[in-house]
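A look at the structure
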Amino acid sequence: MAGIPIDAEGRFAGYASIFNRLDSGGDIVMPGAFSKSLAKRRDRIRLLFQHDPKEPVGTWDAIGEDGHGLFVAGRLVPGVERADALRRLIEGGALDGLSIGFRTVKATREGGHRKLWQIDLFEISIVTFPMMEDARIAPSGYSTGAAIVAATNTIRNR
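Just so we're clear, the structure is a prediction, and the values are computed from it rather than from any experiment.

Attention now goes to the pattern of salt bridges. Pairing between side chains of opposite charge can happen when the charged atoms of each approach one another. Inspection of the entire model under this criterion finds 13 salt bridges. Here Arg-114 makes a salt bridge to Asp-27, at a shortest N to O gap of 2.8 Å. Within this pair, whereas Arg-114 is found in strand E7 (residues 113–127), its partner Asp-27 is found in strand E2 (residues 27–29), the two being separated by 87 residues in sequence. A relative accessible area of 10% means that Asp-27 is categorised as buried. A salt bridge links Glu-91 to Arg-87, with the shortest nitrogen-to-oxygen separation between them at 2.8 Å. Of this pair, Glu-91 and Arg-87 both sit in helix H2 (residues 81–91), four residues apart, roughly one helical turn.

Further remarks concern the side chain of Ser-99. Relative to the assigned elements, Ser-99 resides in strand E6 (residues 97–110). Taking the relative accessible area as the measure of exposure, Ser-99 reaches 9% and is therefore buried. In this structure the side chain of Ser-99 is engaged in a polar contact, spanning 2.8 Å, whose partner is the side chain of His-51. If we ignore the near neighbours within four places in the chain, the residues touching Ser-99 are Ala-16, His-51, Glu-123, Ile-124, Ser-125 and Val-127.

This part takes up the environment of Gly-3. Tracing the backbone shows Gly-3 in the segment before strand E1 (11–18). By relative accessible area, Gly-3 is classed as partly exposed at 32%. On a C-alpha basis, the gap between Gly-3 and Glu-91 in space is 9.5 Å, while along the polypeptide they are 88 residues apart.

If you look at the biggest cluster of nonpolar residues, it comprises 29 residues, and the most contacted ones within it are Phe-12, Phe-34, Leu-70, Leu-76, Ile-124 and Ile-126. Where this core is concerned, the elements lending two or more residues are E1, strand E3 (46–49), strand E4 (52–65), strand E5 (69–76), H2, E6 and E7. In contact with Leu-76, other than residues within four places in its own chain, are Ile-6, Glu-9, Gly-10, Phe-12, Val-57, Gly-58, Ala-83, Leu-86, Arg-87, Ile-90 and Ile-126. Ranked by size, the runner-up nonpolar core spans eight residues in total, among them Ala-62, Phe-71, Ala-73 and Met-132.

Here the focus is the environment of Ser-37. Looking at the secondary structure, you find Ser-37 in helix H1 (residues 35–41). Sequence separation between Ser-37 and Ile-119 is 82 residues, and the spatial gap between their C-alpha atoms is 6.8 Å. Residues within four places of Ser-37 in sequence aside, it is in contact with Arg-42, Ile-119, Asp-120 and Leu-121. Of note is the side chain of Ser-37, whose polar atom sits 2.8 Å from the backbone nitrogen of Leu-121.

Reading the values: rules and limits
- Residues numbered from 1 in each chain as written.
- Predicted model: local features only at pLDDT ≥ 70, side-chain atom pairs only at ≥ 80, totals over all residues.
- Heavy atoms only, no water.
- Salt bridge = Lys/Arg side-chain N within 4 Å of Asp/Glu carboxyl O.
- Helix = DSSP H or I, 4+ residues; strand = E, 2+ residues; numbered from the N terminus.
- Buried < 20%, exposed > 50% of the residue type's maximum accessible area, 1.4 Å probe, protein only.
- Polar contact = N/O pair within 3.5 Å; in protein donor to acceptor, adjacent residues only side chain to side chain.
- Contact = heavy atoms within 4.5 Å.
- Core = buried A, V, L, I, M, F, W, Y, C linked by side-chain atoms within 4.5 Å.

Right, here's the structure in full:
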């Protein structure tokens, strides 16, 4: 049985995008698509609820690409009503979707699908229904203790 995907301080982690996978909008994010955007604005990417700019709910401790996709580790801000509700929903397994808010910089069309080669990332949201089915908050093995520290250090030291 997987552990609780969020800790008592509201910390969680997961993948906001998976490389080389078709999402429900017909897009495929390619490896390296986030690199320029992360170099430019890593500390200004917002953590929102349902892509709503009026619903900031936390901050990102780490955002980075690895061989699988866009790994994120964040923390909900305690005392914010929506963030407190989200922590309880994530804890209870009622909510686990992640989704990216971006502008396409470079893309190609292939076989009726759009391959995204460069993305300008603005925000990452906790959502009910992610466009990419596997963009999810991970079980606690990813999100707490040594695992989150190791992932954060790896991403920050790139």
